[in-house]
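Residues per chain, in single letters:
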Amino acid sequence: SMRTATTRLAILGSPTGVYSRQLLDAALKHPRVEPSLHEFDGLGSSIGPNGWRCTTAEGTELTTCDAVIVRTMPLGTLEQVVFRIDLLHRLQAAGVRVINSPRSLEIAIDKYLTTAMLAAAGLPVPETIAVQSVDEAMAGFERLGRDVVVKPLFGGEGRGLIRLEDPDLAVRAFRTLVQLGAVIYLQRFVRHPGYDVRILLIGDQAWSIRRIHPTDWRTNVSRGARAERFEPPAEWIELARRAASAIDARIVGIDLLPDERGEPLVLEANAVPGWQGLAAAHGIDVAERIIARVVDEVHPDTTR
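About the cut-offs
- Residues numbered from 1 in each chain as written.
- Predicted model: local features only at pLDDT ≥ 70, side-chain atom pairs only at ≥ 80, totals over all residues.
- Heavy atoms only, no water.
- Pairing = 2+ DSSP bridges.
- Helix = DSSP H or I, 4+ residues; strand = E, 2+ residues; numbered from the N terminus.
- Axes fitted to C-alpha atoms, helices over the stretch in contact; angles between N-to-C directions.
- Contact = heavy atoms within 4.5 Å.
- Buried < 20%, exposed > 50% of the residue type's maximum accessible area, 1.4 Å probe, protein only.

What to know about the sheet that holds strand β8 (residues 148-151)
Whether parallel or antiparallel, the strands of a sheet pair through hydrogen bonds between backbone atoms.
Line of reasoning, step 1. On the basis of which strands lie adjacent, the open sheet formed by 4 strands has the order β7-β10-β8-β9 and antiparallel pairing. Pairing within the sheet leaves two strands with one partner each, and these edge strands are β7 (128-131) and β9 (162-164). Geometrically, the sheet is characterised by an average inter-axis angle of 25° between neighbouring strands, direction not taken into account.
Line of reasoning, step 2. Both β8 and strand β10 (residues 184-188) contribute to a ladder of 4 bridges, which runs antiparallel. Bridged to V148 within β10 is R188.
Line of reasoning, step 3. Sheet contacts for helix α5 (residues 134-143): β7, β8, β9 and β10; angle to β10, the most-contacted strand, approximately 5°.

Notes on the sheet that holds strand β15 (residues 264-270)
Line of reasoning, step 1. Strand order in the open sheet formed by 5 strands is β13-β12-β11-β14-β15, with antiparallel pairing between adjacent strands. Both edges of this open sheet fall to β13 (226-229) and β15, since each of them pairs with a single strand only. The sheet shows a mean angle of 30° between the axes of neighbouring strands, direction not considered.
Line of reasoning, step 2. In this sheet, strand β12 (residues 205-212) lies alongside strand β11 (residues 195-202) in antiparallel orientation, the contact comprising 8 bridges. If you follow L201 over to β12, its bridge partner there is A206.

Details of unusual backbone geometry
Line of reasoning, step 1. Here the bond from I99 into N100 is cis, since omega is -5°, no more than 30 degrees from zero.
Line of reasoning, step 2. For N100, the location among the structural elements is in the loop between β6 (97-99) and α3 (102-108).
Line of reasoning, step 3. With a phi angle near 55°, R146 is a residue other than glycine that sits in the positive phi range.
Line of reasoning, step 4. For R146, a relative accessible area of 40% corresponds to the partly exposed category.
Line of reasoning, step 5. Non-glycine residue D248 carries a positive phi angle of around 65°.
Line of reasoning, step 6. With a relative accessible area of 37%, D248 lands in the partly exposed category.

Honestly, that's just the spatial picture; any functional story needs more than this.
Given below as structure tokens:
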């Protein structure tokens, strides 16, 4: 029987963001979705005689939505980030489908926790050292063969990545980071073939691109890398699925980097993935696939 259940969908994202707009457009085109778009910093909550409520600046009551798609996770103070994650956890507890899960966002927002969870799930990751003092960082620099990549724990698109091979530069970089109150997160530099692989998973569907940067070891498309369609070996897709499940994410970008032997390392898991390069390389409307997937999760019993 054709059921025409409507899915009330809230997208948390920037009103001017390209991905948020694509999701909103795809949702508006879908015959059974009633979408709205809201910014994270407009969210508030009340706890009182009417129980727990979460509202947006526009007055939408998020607890009445069927699903919430988290499209941005804007950086903020610790207090702001924790509060936003708290709201998502409470929404999930109130029966709203939050995509990706608050737990996966909590993990993926934090590179250290992501790497620790991936390693705990038995996945191959680059050798990593995370410390809080200059002396420990220098010891780590030596232990990792004096060729390391320093990454901010929070942040993406290749921003703030530094490759250090010189001990004098390393000690200066580590001092600066400690002064900024940062955690020093070091990974052994992986000699790679000049590309990495992004696998986008939307539920059980997978698409992949190879990102090639002729002049920069950072292969982010936002930094000018070229993206081309790629058919990874089945084991690589399986690795991506295991990584997604290790961090409890269903719509996720997993970055794999082949090492010197060509064996893939899981470099990164992105629970708020971009898809511009991938959509172009495959000629697909990713936003439309995501909306279809969300409708499917909310109403698994409806005929398409």
